[in-house]
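Inside the fold
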Amino acid sequence: MLALTSLANALHPALDSLSHFRMHLASLSVLCALPLLFSKRRRRFAVLATAAAALVSAATFGALWPKGGFGAAAAMAGGEPHRLLQANLRFDNREPDRLFELIARTGPDILTFQEVSTAWIEQLSRLRSQYPHGIVCERESRLGGVAILSRYAVAPGSAECVDDGLLAFATLEIEGRNVDIAALHLHWPWPFDQHAQAQWNARDLARLGETALLAGDFNAAPWSETTRMLAAGGGLAAAGLAGPTWLRAWMPNALRRVAGLPLDQVLVKGAIAPTHMERGPPIASDHLPILMDFALVH
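Structure report, in brief. The structure presented is a predicted model; accordingly, all values stated were derived computationally and were not measured.

**Here's the deal with the overall build of the chain**
If you tally the helices and strands in the chain, you get 10 helices and 12 strands. Here the chain, with 298 residues, has 52% of them falling under the buried criterion. For the chain, restricting intrachain contacts to residue pairs at least 6 apart in sequence, the fraction spanning at least 24 positions comes to 67%.

Below is the structure:
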């Protein structure tokens, strides 16, 4: 069964690529098994396939859900509420106003963006008065780089672009404390060079301080070996499960929420206590944005 095989994704990048579709494969196994339930000779195979799919699902999601859930984090934090908006903007987005409408409606304090193309850099200048701090990484590629924009001040000398503008760092001063923020955009998985990029990005993430947040378009599922390497490199853990965020641009947005891949992620460590996470409405990108509320544990 391919879903079970994907559990061995640490063995080779090809298996890691397969693992991104683990939940799709598990669901397909159950659908294929249903007709076998009506055959006495094949019923046991249906039961085994369903049990294997349940095992894969439990192993995948059980390892990702925050300890105690968001309620426990909220009770433990007790600090001021803060909000992050993470979004792959899509480099050729023809409806930028949809992003600005979302920002106006939800009022995030920190923005992390990917595919910040030349056209988007010009558009984001509209946010300068609201988000005067941060860093925008320019690239020659038409896909653009990443950006961190913030209402909070950036510690002098902390804002930096690395990996040709696909990874950005900035230390924000929040409630009198230093909070490291990183924004990341990974390449596509095997047979492309995502695995190698994740390895060197994991080394870059070792510079993160004791309280930090990494948000981005990983082009990888939360349960992938790619994500595990990044998390280990920065000493980070999943902030929560937002759900599917990506599907081909020409496919319906409703299908993206149900059958897409969860490529957009937020990882945290230290005093950051996520209290709520959800996917936002479509912004004319092939990715859905993520909104995460958090507080700082005192």
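Next comes the rest of the write-up.
**Looking at the sheet that holds strand E11 (residues 272-279)**
Judged by pairing direction, the sheet is mixed, and its six strands sit side by side in the order E3-E4-E2-E1-E12-E11 without closing on themselves. In this open sheet, the two edge strands, each paired with only one partner strand, are strand E3 (133-136) and E11. Each adjacent strand pair in this sheet contributes to an overall mean axis angle of 15°, direction not counted. Inspection of the sheet shows strand E2 (residues 110-116) paired to strand E4 (residues 145-150) by five bridges, in the antiparallel sense. Pairing of leucine 111 across the sheet is with leucine 149, part of E4.

**Looking at the packing of helix H8 (residues 194-204) against helix H9 (residues 225-234)**
H9 packs onto H8 with a crossing angle of 10° between their chain directions and a minimal axis gap of 8 Å. Overall, the two elements H8 and H9 adopt an arrangement that is roughly parallel. Within the contact between the two elements, H8 uses Gln194, His195, Ala198, Gln199, Asn201 and Ala202 and H9 uses Thr226, Met229, Leu230, Gly233 and Gly234. Per-class residue counts for the contact of H8 with H9 are four nonpolar, seven polar and no charged.

**Comments concerning H9**
The buried fraction of H9 amounts to seven of the 10 residues, a majority that puts the element mostly inside the structure. Within H9, the full set of buried residues consists of Glu225, Thr226, Thr227, Met229, Leu230, Ala231 and Gly234. Looking at the packing, one finds that the buried side of H9 touches helix H2 (13-19), strand E7 (177-185), H8 and strand E10 (264-269).

**Concerning the side chain of histidine 82**
Within the secondary structure, histidine 82 sits in strand E1 (residues 82-88). Looking at histidine 82, its side chain comes within polar contact range of the side chain of glutamate 175, at 2.6 Å. Each residue touching histidine 82, except ones within four places of it in the same chain, is listed here: Asp109, Tyr152, Ile174, Glu175, Met292, Asp293, Phe294 and Ala295.

**Re the nonpolar core**
One finds Ile110, Leu172, Leu213, Val266, Met292 and Phe294 to be the most contacted residues of the largest nonpolar core, which totals 27 residues. Where this core is concerned, the elements lending two or more residues are E4, strand E6 (167-174), E7, strand E8 (212-217), E10, E11 and strand E12 (290-296). In this structure isoleucine 110 touches Arg83, Leu84, Leu85, Leu149, Ser150, Tyr152, Leu172, Ile174, Ile181 and Phe294, once residues within four positions along its chain are discounted.

**Some remarks on the side chain of glutamine 114**
Looking at where glutamine 114 falls in the secondary structure, it is placed in strand E2. Take glutamine 114: its relative accessible area is 0%, and that puts it in the buried class. Among the polar contacts listed, one links the side chain of glutamine 114 to the side chain of glutamine 86, at a separation of 2.6 Å.

**Some thoughts on the sheet that holds E6**
Read from one edge to the other, the open sheet built from six strands follows the order E5-E6-E7-E8-E10-E9, with strand pairing classed as mixed. Single-partner strands in this sheet number two, and they are strand E5 (160-162) and strand E9 (237-238). The strands that H8 touches are E5, E6 and E7; relative to E6, the one it contacts most, it runs at about 30°.

**Section: the pattern of salt bridges**
On inspection of all chains with the given rule, the structure shows nine salt bridges. The shortest N-O distance in the salt bridge between arginine 90 and aspartate 286 comes to 3.3 Å. Here aspartate 286 lies in the loop between E11 and E12 and arginine 90 lies in the loop between E1 and helix H6 (97-106), a separation of 196 residues in the sequence. Take aspartate 286: its relative accessible area is 10%, and that puts it in the buried class. Two residues, glutamate 95 and arginine 98, come together in a salt bridge whose shortest N-O distance is 3.6 Å. Relative accessible area serves as the criterion here: at 29%, arginine 98 is assigned to the partly exposed category. Linked by salt bridges that have partners in common, Arg90, Asp92 and Asp286 make up one network.

Quick notes on the rules
- Residues numbered from 1 in each chain as written.
- Predicted model: local features only at pLDDT ≥ 70, side-chain atom pairs only at ≥ 80, totals over all residues.
- Heavy atoms only, no water.
- Helix = DSSP H or I, 4+ residues; strand = E, 2+ residues; numbered from the N terminus.
- Buried < 20%, exposed > 50% of the residue type's maximum accessible area, 1.4 Å probe, protein only.
- Contact = heavy atoms within 4.5 Å.
- Pairing = 2+ DSSP bridges.
- Axes fitted to C-alpha atoms, helices over the stretch in contact; angles between N-to-C directions.
- Parallel < 35°, antiparallel > 145°, perpendicular 65-115°, else oblique.
- Nonpolar A, V, L, I, M, F, W, Y, C, P; charged D, E, K, R; others polar.
- Polar contact = N/O pair within 3.5 Å; in protein donor to acceptor, adjacent residues only side chain to side chain.
- Core = buried A, V, L, I, M, F, W, Y, C linked by side-chain atoms within 4.5 Å.
- Salt bridge = Lys/Arg side-chain N within 4 Å of Asp/Glu carboxyl O.

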